[in-house]
Amino acid sequence: MQVLYFNLEYRNMRPNQRKPALLILLICLLSFYFIGRPADCKERADEEIMDIRENLERTVRFLSENIGSRGYLQKDALNRAAEYIGSELSGYGYEVRTQPYDVDGVEYRNVFAIKKGLQSPDRVMVVGAHYDTVIGTPGADDNASAVAGMLELARLLKDAPLDMTIHFVAFTLEEPPFFRSRQMGSYVYAENLKKEGVNVEGMICLESIGYFTDRPESQLFPLPFFRIIYPTTGNFIIFAGNFGSKGFLGRAKEGFEKGTELPLETISAPSIIPGMDFSDHRSFWKFGYDAFMVTDTAFYRNPNYHTAGDLPGTLDFKLMSEVVLGLRSSIEKLATD
């Protein structure tokens, strides 16, 4: 209507008035394009973050509240969790696969989906998280938060043009009594990749990614001198890898920092430091693969670790969303380098 009105007015203008009028119209149109569009982009970005946040919370609440404790003796709970994960991946358009294996006469299973790379499908990156818990704990942070993050990454990257193939995997039996053993789901998965000669260029292990606090002196450390190097307030995420994975971790760090402003710390150190190999990335190290853990540092920060208090209400889903946005950027960089 405003353009029609301008057109009628323009016809009635004297010749010496038309040029300034056209200039004003051009300025208005440019203002709309350069000023209005960023607001539209921001609105779309805010909507995306809200979707991520809602999806994360929905998954965490389903696993930790609807199902609850998912210990190795609780087969019904583990099966329900596996079915939920498979249903989510299927809903995003993936072909869902399972890797069943036997432990002491009981069958357990990893659940996974594969996104084929476009240029180099023989090069593989694994993005994984375990879905079991310590018996008696709801495991909102350990490890429903990480499963939720893995599922969101699978959703966000479904149609991304990545050169490398990505395996999105939910592992079973990370917790005791199988912790750091050959019966861990991640060990079984990594061992099978090795046997098949798969070219695994790296593994990203999501392990407890939802607990953040601005309380001073809330961050603890495995060794006292770490206080000199790292923040003492637990409001950051950390990438933890061994020396051999330093290059892989470094490239992931570059990507992460382009995707979010959430503070990121990194460490490349030997397994002798307590906590360095306390998750599924350890299984991939055992077979010579680069791997690192993405974590809120778990028991070095979260007082609810491995307790009945590990509940959804203790987590920060807004900052979890930022972790996911950063990791999406990390994966996009790693899978197109």
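Residues numbered from 1 in each chain as written. Predicted model: local features only at pLDDT ≥ 70, side-chain atom pairs only at ≥ 80, totals over all residues. Heavy atoms only, no water.

> Explain the packing of aromatic side chains to me, using residue names and the numbers behind them.
Across all of its chains, the model carries 17 aromatic pairs by this definition. Seen from their ring centres, Phe62 and Tyr84 are 4.5 Å apart, and the 15° between their planes marks the pair as stacked. Of this pair, Phe62 sits in helix H2 (residues 15-67) while Tyr84 sits in helix H3 (residues 75-91), placing them 22 residues apart in sequence. Note on Tyr84: relative accessible area 10%, which makes it buried. Here Phe248 and Phe292 contribute two aromatic rings whose centre-to-centre distance is 5.5 Å and whose plane-to-plane angle is 55°, an arrangement assigned as tilted. Of this pair, Phe248 sits in helix H7 (residues 246-259) while Phe292 sits in strand E8 (residues 291-295), and the two are 44 residues apart along the sequence. One exposure class covers both Phe248 and Phe292, and it is buried. The ring of Tyr94 has Lys158 sitting right over it, with the charged end atom 5.5 Å from the ring centre. One Lys or Arg, Arg301, reaches over the ring of Phe236 and ends 4.8 Å from the middle of that ring. (Phe/Tyr/Trp six-rings, centres within 6.5 Å; stacked < 30°, edge-to-face > 60°. Helix = DSSP H or I, 4+ residues; strand = E, 2+ residues; numbered from the N terminus. Buried < 20%, exposed > 50% of the residue type's maximum accessible area, 1.4 Å probe, protein only. Lys NZ or Arg CZ within 6 Å of the ring centre and 35° of its normal.)

> Quick rundown of the nonpolar core? Include the residues and the values.
Nonpolar side chains in soluble globular proteins generally cluster together in the buried interior. Of all hydrophobic cores here, the largest spans 69 residues; its most connected members are Ile85 and Leu206. When residues in this core are grouped by element, the largest group, ten residues, is from helix H4 (residues 140-156). Among the nonpolar cores identified, the runner-up in size contains 18 residues, and Phe112, Val169, Val200 and Met203 belong to it. (Core = buried A, V, L, I, M, F, W, Y, C linked by side-chain atoms within 4.5 Å.)

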